[in-house]
Amino acid sequence: MIKLYLKLEHSRFKEKFDYTLDIDDKLISSECLVPPMLIQPYIENAVWHGLRYKETKGLLQVMIRQEYDSLSVIVEDNGIGRK
């Protein structure tokens, strides 16, 4: 779901940002069950409020890693930020 959402937003705002999705190779998707809409609002916020209004092309990075018995999801962008 996250891959599809990223493709959708990128197709809408192609000139505004590029993105990377880095998923840890050690993760087995059938064993890792995360509700897809749990991560989506963070990505949406980065695109709609940080990258969409940036004057130059931005970058959105989503990294999903397994750390011991936990899952780590990092959403980073170089959008306009807060003043």
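Residues numbered from 1 in each chain as written. Predicted model: local features only at pLDDT ≥ 70, side-chain atom pairs only at ≥ 80, totals over all residues. Heavy atoms only, no water.

Peer 1: Mind showing me how you'd approach the side chain of His10 here?
Peer 2: Looking at the secondary structure, you find His10 in helix α1 (residues 2-12). The class of His10 is buried, set by a relative accessible area of 16%. Among all residues touching His10, those that are not within four sequence positions of it are Phe17, Asp18 and Tyr19. (Helix = DSSP H or I, 4+ residues; strand = E, 2+ residues; numbered from the N terminus. Buried < 20%, exposed > 50% of the residue type's maximum accessible area, 1.4 Å probe, protein only. Contact = heavy atoms within 4.5 Å.)

Peer 1: Would you mind going over the packing of aromatic side chains with me for this structure?
Peer 2: Where two aromatic rings form a pair, the distance of their centres and the angle of their planes describe that pair. Under the defined criterion, the tally for this structure stands at one aromatic pair. Ring centres of Phe13 and Trp48 lie 5.9 Å apart, and the angle between their planes is 85°; on these two criteria the pair is classed as edge-to-face. On the criterion of sequence distance, the pair formed by Phe13 in the loop between α1 and β1 (17-23) and Trp48 in helix α2 (residues 40-51) is long-range, its members being 35 residues apart. On the basis of relative accessible area, Phe13 is assigned to the buried category, the value being 11%. Its relative accessible area of 25% is what places Trp48 among the partly exposed residues. (Phe/Tyr/Trp six-rings, centres within 6.5 Å; stacked < 30°, edge-to-face > 60°.)

Peer 1: When you look at the nonpolar core in this model, what are you seeing that I'm missing?
Peer 2: Burial of nonpolar side chains together is a common tendency in soluble globular proteins. With 14 residues, the main nonpolar core has Ile2, Leu6, Phe17, Ile43, Val47, Leu60 and Val62 as its most contacted residues. In terms of residue count, α2 provides more of this core than any other element does, four residues in total. For Leu60, the residues in contact, after removing those within four places along its chain, are Leu6, Phe17, Asp18, Tyr19, Thr20, Ile43, Ala46, Val47, Leu51, Val75, Glu76 and Asp77. (Core = buried A, V, L, I, M, F, W, Y, C linked by side-chain atoms within 4.5 Å.)

Peer 1: Is there a simple way to explain unusual backbone geometry in this structure?
Peer 2: Among all residues save glycine, negative phi is the norm, and among peptide bonds the norm is trans. Here Tyr68, not a glycine, exhibits a phi torsion of approximately 55°, which is positive. Taking the relative accessible area as the measure of exposure, Tyr68 reaches 79% and is therefore exposed.

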